[in-house]
Amino acid sequence: MCNGFSKIDGFSKINGFVDQKDLVTLRSVLAKLACVQARRLGIPAAYEYFNGKEDLTPQDFVYLADACPQVLTLVINTFMQTAAFKSFVHNESYLKYIADNVFGGNCLDQLVVTEENFRVDLPAEFKAEKQRFSLSWHQESGYFENYVSHSRGVVIWIPLFNTLEESGSLRFFPGSHLLGPVSHNKYYADTKNKKNMRSEVDIEKYGLDIKDSLVLSVKAGDAIIFDFNLIHASGHNNAQDFARCTIQSRVSLFSDAGFRTP
Ligand SMILES: O=C(O)CCC(=O)C(=O)O
Ligand SMILES: [Fe+2]
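Quick caveat: nothing in here was measured; it's all calculated off a predicted structure.

Caption draft 1: The arrangement of the nonpolar core in detail. Counting residues in each nonpolar core, the largest one holds 58 residues, and the members touching the most others are A34, L64, V154 and F226. Look past the residues within four positions of F226 in its chain and what remains in contact with it is G10, F11, V154, V155, W157, F172 and H232.

Shown next as structure tokens:
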């Protein structure tokens, strides 16, 4: 890292990183999508529920998961294909912040944005979803091989709603990026169907104690930016009736010596 923020801790919480109006735009796109997909799948109650909504709450995602999970899946997958989502993760002013503050400036034209994702982490009672989506301790290098830099890339992690420890905010070990890339054990979370591949760091092997891990409360509009080698995991969403919704993207420099291609 070129600047000070990541050298010691390997992460930084940036308050007010995202413009509130951009979050409102994203949530209103999600509301419209829910309405349209409910109509398309012929679920009038869900259509009525979302019709005319200009914004969404964390409870609305729980409603979808309960009432019509197939609509929720379609909403998530379609949302990631929308122009609104794509322009959000490619927003020039956010990327300029990364270019200037993470990579030392003057490199906006060398940034590569990959593996953009929208996650909806449902409350604990949705056990099957937790098994499918929850990630145990890992570094990004355990998952992503190409068009990223393992040595200097970062992850941008953005919640759509205020997210606390009890609602499953990101967990990580400050400073663990200094270990460099470590080995990961690969396995399937769904062993029966050999699906949901996981890559996991055995934290004990690296002398890490869960007591030293950190979970930050992150408000809608804030972002956590963290080093590719920081060891992190999904939080546990134990909140009532609250879906933890987040957007992640990975940013690297193609000019970086460690930038990887197939
Ligand atoms: O938000 C989460 O639960 C984990 C996300 C993650 O590990 C990542 O995007 O790199
Ligand atoms: Fe990750």
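Resuming the write-up.
Caption draft 2: Highlighting helix α2 (residues 20–40). The first and last C-alpha atoms of α2 sit 30 Å apart over 21 residues, in line with the 30 Å expected at 1.5 Å per residue. Of all the residues in α2, the buried ones are L26, R27, L30, A31, L33, A34, C35, Q37 and A38. Looking at the buried positions of α2, the neighbouring elements they touch are α3 (44–50), α4 (58–67), α5 (69–79) and α6 (83–89). Immediately beyond the C-terminal end of α2, within one or two residues, lies G42, with a positive phi of roughly 70°.

Caption draft 3: Region of interest: the site of ligand 1. As a structural note, the neighbourhood of ligand 1 is formed by R119, L135, E140, V155, L170, H232, S234, T246 and Q248. For the shell around ligand 1, the class distribution of residues is 3 nonpolar, 4 polar and 2 charged.

Caption draft 4: Inspection of the sheet that holds strand β4 (residues 154–159) at higher detail. Taking strand neighbours across the sheet as the criterion, the 5 strands line up as β1-β9-β4-β11-β2 in an open arrangement whose pairing is antiparallel. Each edge of the sheet is formed by a strand with only one pairing partner; in this case those strands are β1 (11–14) and β2 (111–121). Geometrically, the sheet is characterised by an average inter-axis angle of 20° between neighbouring strands, direction not taken into account. Bridging between β4 and strand β11 (residues 244–253) involves 6 bridges; their strand directions are antiparallel. Bridge pairing links V154 to V251 in β11.

Caption draft 5: Highlighting the environment of S12. Mapped onto the elements of the fold, S12 is located in strand β1. Judged by C-beta crowding, with 19 C-beta atoms within 10 Å, S12 ranks as partly exposed. It is 8.2 Å that separates the C-alpha atoms of S12 and A223, two residues lying 211 residues apart in sequence.

Caption draft 6: Inspection of the packing of α4 against α5 at higher detail. Closest axis-to-axis distance for the α4/α5 pair is 5 Å, and the angle between their directions is 125°. Relative to α5, the element α4 lies oblique. Every residue of α5 that contacts α4 at F61, L64 and A65 is listed here: P69, V71, L72 and V75. Partitioned by chemical class, the residues of the contact of α4 with α5 number 7 nonpolar, no polar and no charged.

Caption draft 7: Layout of the pairing of strand β6 (residues 185–190). Sheet topology note: the β6/strand β7 (residues 195–200) ladder contains 5 bridges and is antiparallel. By the bridge assignment, K186 is partnered in β7 with S199.

Caption draft 8: Just the sheet that holds strand β10 (residues 232–233), in detail. Pairing in this open sheet of 3 strands is antiparallel, and the strands run β8-β5-β10 from one edge to the other. Edge positions in the sheet fall to β8 (214–215) and β10, since each of these pairs with one other strand and no more. Sheet analysis places strand β5 (residues 171–172) next to β10, joined by 2 bridges and oriented antiparallel. Each residue of the ladder has a partner; that of R171, found in β10, is A233.

Caption draft 9: Structural detail: helix α7 (residues 92–101). Listing the buried residues of α7 in full gives Y94, I98 and A99. The buried side chains of α7 occupy one side of the element, clustering within an arc of 140° when seen end-on. The exposed residues of α7 that point more than 90 degrees off its buried face are E92 and S93. As for α7, its buried residues are in contact with β2, β4 and β11.

Calculation rules
Residues numbered from 1 in each chain as written. Chains lettered and ligands numbered in written order. Predicted model: local features only at pLDDT ≥ 70, side-chain atom pairs only at ≥ 80, totals over all residues. Core = buried A, V, L, I, M, F, W, Y, C linked by C-beta atoms within 7 Å. Buried ≥ 20, exposed ≤ 12 C-beta atoms within 10 Å, placed from the backbone. Contact = placed C-beta atoms within 7 Å. Helix = DSSP H or I, 4+ residues; strand = E, 2+ residues; numbered from the N terminus. Expected span 1.5 Å × (residues − 1). Near = placed C-beta within 6 Å. Nonpolar A, V, L, I, M, F, W, Y, C, P; charged D, E, K, R; others polar. Pairing = 2+ DSSP bridges. Axes fitted to C-alpha atoms, helices over the stretch in contact; angles between N-to-C directions. Parallel < 35°, antiparallel > 145°, perpendicular 65-115°, else oblique. Arc of directions from axis to C-beta.

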